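A closer look at the structure
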Amino acid sequence: MTLTEPVPPRRDRLYNPPDSVEPAGNSYDGSCQMRECIYGLDREVPLLDGSRVRYVNLDNAASTPPLVQVVDALAEMAPYYSSVHRGTGYKSRLCTEAYDIAHATVGEFVGADPGTSSVIFVKNATEAINKLAHRLAAVDDRIIVTTRLEHHSNDLPWRDHFRTIHVRATADGRFDEEDFDRILRENAGRIALVAVTGASNVTGYIQPVHRLAAKTHEAGARILVDAAQLAPHRKIDMRPDGDPEHLDFIALAGHKMYAPYGTGALVGPSAFFLQGGPDYSGGGTVHVVTPDEVHWGKTPDRDEAGSPNVMGAIAMAVAARTLMNKGMDQVAEHERVLTEYTLGRLAAMPGVTVYGEKDPSRAAEKVGVIPFNLAAADHALVAAVTGYEGGIGVRNGCFCAHPYVVHLLHLNSEESGRWRSQFLAGDKSGMPGMVRMSFGCYSSQEDVDRLLSMLEKIEKGEYFGDYVMEKVSGSYLPRGYSDDFSSILGGRM
Ligand SMILES: Cc1ncc(COP(=O)(O)O)c(C=O)c1O
């Protein structure tokens, strides 16, 4: 395609983020050079006592804030926004090219072979995995092997369509590779797919995905890595198709990798997606339709039914490019140092129980996700006090991984049955769970220190709010307080 009009100003920045991103280096100096790339880190929020404080986000495993590069790119792209594909106008041609480049960039981010792989944009990791489950169920009725460490999004879609076997977790919550080996041995040739999380959203444990891939292929199956949690923390390399350690499918979420604009991706072999029809049909999915016939289109188009989220795809690609330019090794090293520091501090704090890896010297074996409980207060209360009195965002509960959290808490079946009945009766008070802090590439020691000093206060009972448990949500709310968001939201919607 030849563009006959001049390229819009600074368009290059869409794909080549500005100099504020340091080139990847071989050594790490301990400082966080990513803070300047994150939008809104200086934002102050109100506390329960009426004062204001800089917000600290330690809930990055749920969602990350946008990169400056992403917000800039979208602002620069907005005046040119137009629907993609089949449009002949300049803006449509430009957006079509941007959308095509976005596919290629996300593929490059995970080391996919552009000749044999397709990057399919979806809305989040959950949709990516559901799409694969639907597509696979149409062509294969063999077993799915998944694990006890999974987020519900990499568990329930498999249970919906297939006979599913779960690999056990060890007592401290690690992937039990001996059990995995046994399951593969006993079911070799009868397994369609191994669906495993790249990194747990509860404990942060990283799975040896390439070793598992080799074993999976040996057993005649393919492997999906749910990389929602891995992608923002570690380099992903699917490796060439012929490599025994090749990863067949990858699921990604843009909102967990600094591009919260409603896009995720499923990456996998084009040949697989060309089998059969798509899970959603309609506009954009076909070559030709007659009153009696449908000829499906090429991939990824046939799996991206309807008008796509072009801006979301651009956001995800800009984030991927920014992370690649920064260097995922540098991101990983920054988070390792912070995780090591935090685990060390937590080990010295009375009343704190950390789940999963506790040893600071083994911080490299996990991404920066640390689940814990305090002896003095329920996890829901800890999260409420840190939010309302500390201006710090953490998460509490079971993190959409109920079986795994129940396992980590060592609840027996009677205990878990009791809370399940209570929960189903509409009372979520006193539910088992944990508090989770989770780091981004920009998190700092100062952020961690702010949280730890709040935890020390809570452990000593030194908070002042009068918190009331709301049974329906299972959350503690400060009595007599209500949020006033009008200065931010007022009149806009
Ligand atoms: C490991 C893992 N997989 C899947 C998901 C689901 O991601 P999404 O919310 O993008 O659908 C999450 C979300 O927390 C996750 O942590």
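Below or above, wherever it landed, is the structure these notes cover. Because the structure is a prediction, the values reported are computed rather than measured. (Residues numbered from 1 in each chain as written. Predicted model: local features only at pLDDT ≥ 70, side-chain atom pairs only at ≥ 80, totals over all residues. Heavy atoms only, no water.)

This brings us to the environment of isoleucine 144. Topologically, isoleucine 144 is positioned in strand S5 (residues 143-147). Classification of isoleucine 144 as buried rests on a relative accessible area of 0%. Separated by 95 residues in the primary sequence, isoleucine 144 and aspartate 49 have C-alpha atoms spaced 52 Å apart. Setting aside residues no more than four positions away along its own chain, isoleucine 144 makes contact with Leu136, Trp158, Phe162, Arg163, Thr164, Ile165, Ala192, Leu193 and Ala195. (Helix = DSSP H or I, 4+ residues; strand = E, 2+ residues; numbered from the N terminus. Buried < 20%, exposed > 50% of the residue type's maximum accessible area, 1.4 Å probe, protein only. Contact = heavy atoms within 4.5 Å.)

Close to the ligand lie 14 residues, the nearest being Thr126, Asp226, Gln229, His255 and Lys256. One of the side-chain nitrogen or oxygen atoms of glutamine 229 is found 2.5 Å away from an oxygen atom of the ligand. In the complex, 90% of the free accessible area of the ligand, which totals 390 Å², lies under the protein chains. Tallied by class, residues from the shell around the ligand come to 4 nonpolar, 8 polar and 2 charged. (Near = heavy atom within 4 Å. Polar contact = N/O pair within 3.5 Å; in protein donor to acceptor, adjacent residues only side chain to side chain. Areas by Shrake-Rupley, 256 points an atom, 1.4 Å probe, with all protein chains shown as cover. Nonpolar A, V, L, I, M, F, W, Y, C, P; charged D, E, K, R; others polar.)

For strand S4 (residues 117-122), a buried count of 6 out of 6 residues is recorded, marking the element as mostly surrounded by other parts of the structure. Here S4 shows no split at all, with Ser117, Val119 and Phe121 on one side and Ser118, Ile120 and Val122 on the other all buried. Relative to strand S10 (residues 264-269), S4 runs antiparallel, the two sharing 6 bridges. Paired with valine 119 across the two strands is valine 267, which belongs to S10. (Pairing = 2+ DSSP bridges.)

As a further point, take the packing of helix H1 (residues 68-77) against helix H8 (residues 310-326). Remark: H1 packs on H8, axes separated minimally by 9 Å, with the N-to-C direction vectors making an angle of 140°. The angle between H1 and H8 falls in the class oblique. Crossing geometry of H1 relative to H8 is assigned as right-handed. On H8, the residues touching Gln69, Val70, Ala73, Leu74 and Met77 of H1 are Met311, Ile314, Ala315, Val318, Ala319 and Thr322. In terms of residue class, the contact of H1 with H8 is made up of 9 nonpolar, 2 polar and no charged. (Axes fitted to C-alpha atoms, helices over the stretch in contact; angles between N-to-C directions. Parallel < 35°, antiparallel > 145°, perpendicular 65-115°, else oblique. Left-handed = near helix turned anticlockwise from the far one by under 90°.)

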